[in-house]
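So you can see what is in the structure, the chains are spelled out below.
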Amino acid sequence: MISSSTFHVISTELVVGSFAMSGLCFLLHALCRYELIKSKNFISITDNVAHFALMFGIIATPFAIFSGISASPGSGFSTPILVNKMFLSMTGLGLGLAALISRWKMGSSILVERKPMLIQTFSGMAASGLMLLTASAGGSFARGESLLDIFSLPYDMVILMPIAISVILLISGLATTASALWKLLARSTV
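The structure reproduced in this document is the subject of the present report. (Residues numbered from 1 in each chain as written. Predicted model: local features only at pLDDT ≥ 70, side-chain atom pairs only at ≥ 80, totals over all residues. Heavy atoms only, no water.)

## Brief notes about the overall build of the chain
Helices and strands together make up the secondary structure of the chain, namely five helices and zero strands. In the chain, the succession of helices and strands from N to C terminus is α-α-α-α-α. When the 190 residues of the chain are sorted by exposure, 34% land in the buried category. Put simply, 71% of the contacts in the chain that link residues at least 6 apart link residues at least 24 apart. Total accessible area computed for the chain in this model is approximately 11900 Å², and 74% of it derives from carbon and sulfur atoms. (Helix = DSSP H or I, 4+ residues; strand = E, 2+ residues; numbered from the N terminus. Buried < 20%, exposed > 50% of the residue type's maximum accessible area, 1.4 Å probe, protein only. Contact = heavy atoms within 4.5 Å. Areas by Shrake-Rupley, 256 points an atom, 1.4 Å probe, with all protein chains shown as cover.)

## Examining the packing of helix α2 (residues 40-71) against helix α3 (residues 80-106)
Contact geometry of α2 with α3 gives a least axis separation of 10 Å together with a crossing angle of 145°. The way α2 lies across α3 gives a crossing that is left-handed. Across from D47, H51, L54, M55, I58, T61, I65 and I69 in α2, the residues of α3 making contact are M86, S89, M90, L93, G96, L97, A99, L100 and R103. Split into classes, the residues belonging to the contact of α2 with α3 amount to eleven nonpolar, four polar and two charged. (Axes fitted to C-alpha atoms, helices over the stretch in contact; angles between N-to-C directions. Left-handed = near helix turned anticlockwise from the far one by under 90°. Nonpolar A, V, L, I, M, F, W, Y, C, P; charged D, E, K, R; others polar.)

## What about the pattern of salt bridges?
Scanning the entire structure with this criterion turns up one salt bridge. A salt bridge links D47 to R103; the shortest N-O distance between them is 2.5 Å. Here D47 is found in helix α2, whereas its partner R103 is found in helix α3, with 56 residues between them in sequence. Overall, D47 belongs to the buried group, its relative accessible area being 9%. A relative accessible area of 17% means that R103 is categorised as buried. (Salt bridge = Lys/Arg side-chain N within 4 Å of Asp/Glu carboxyl O.)

## Some details on α3
Compared with the 39 Å implied by 1.5 Å per residue over 27 residues, the 39 Å span of α3 between its first and last C-alpha is a close match. Positive phi appears at G107, one or two residues downstream of α3, with a value of about 70°. (Expected span 1.5 Å × (residues − 1).)

## Here we look at the nonpolar core
If you look at the biggest cluster of nonpolar residues, it comprises 14 residues, and the most contacted ones within it are V15, F19, L54, I58 and M131. Those elements that provide at least two residues to this core are α1 (4-33), α2, α3 and α4 (114-143). Once residues lying within four places of it in the same chain are set aside, the contact partners of V15 are G57, A60, T61, A64 and M131. (Core = buried A, V, L, I, M, F, W, Y, C linked by side-chain atoms within 4.5 Å.)

## Re the packing of aromatic side chains
Inspection of the entire model under this criterion finds one aromatic pair. Look at F7 and F63: their rings are 6.4 Å apart centre to centre, the planes differ by 85°, and that puts the pair in the edge-to-face class. On the criterion of sequence distance, the pair formed by F7 in helix α1 and F63 in helix α2 is long-range, its members being 56 residues apart. Judged by relative accessible area, which is 32%, F7 ranks as partly exposed. (Phe/Tyr/Trp six-rings, centres within 6.5 Å; stacked < 30°, edge-to-face > 60°.)

## Quick notes on the environment of I43
One can find I43 in helix α2. Separated by twelve residues in sequence, I43 and L31 place their C-alpha atoms 9.1 Å apart. When residues no more than four places from it in sequence are discounted, the contact partners of I43 are H29, C32 and R33.

## What to know about the state of the cysteines
Applying the stated criterion to the full structure yields zero disulfides. C32 takes part in no disulfide bond, and the closest cysteine sulfur to it belongs to C25, at a distance of 9.9 Å. By relative accessible area, which is 3% here, C32 ends up buried. (Disulfide = S-S within 2.5 Å.)

## Re α2
Over its 32 residues, α2 extends 46 Å from the first C-alpha to the last, a length consistent with the 46 Å expected when each residue adds 1.5 Å. Approximately 30° is the largest bend angle found in α2, and it occurs at A60, with the proline P62 only one to four residues beyond. Here α2 starts with a cap whose side-chain oxygen sits 3.3 Å from the backbone nitrogen of F42, and that cap is S39. (Bend = angle between axes of the 7 residues up to and from the residue. Polar contact = N/O pair within 3.5 Å; in protein donor to acceptor, adjacent residues only side chain to side chain.)

Spatial relationships are all this shows, so hold off on functional conclusions.
Below is the structure:
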């Protein structure tokens, strides 16, 4: 039996590697679409790898979160860094799920037009960036250093929003979800 801290290291590496690969492929896909990289085969390859790596990272994320909570000293949310890790990872997970679900529901047509392709690419790259920030915060917590120390990010301060902004975001999120479900249900009826 392995300890929860060892399992956390393994699952975290899977998440970070998957999201890093996904983010890189989303970027390369966008460069191919804007013809900065001229290769028709590369468009298909980067699209497939970006979404597959994103899916694998999303599947591995809950394992990393729960093993990290059980491996951390104290209650799991004893320091601001751990709270920031939870916020960053949940936001990255949500953006990644949004990119995957929209690609699954709309198919490859989402990548044909410029605006949906940019939103799809940005969502995938933002999810990757947030997961890499989460890993950087984890390095700051576990080792006292991280790859992004040159930016002096405030991991030790929890940034909370005022209640009014939280309520507005909650209402807009619920309205967006309801609107998307309404359109999906209306489209699927024959």
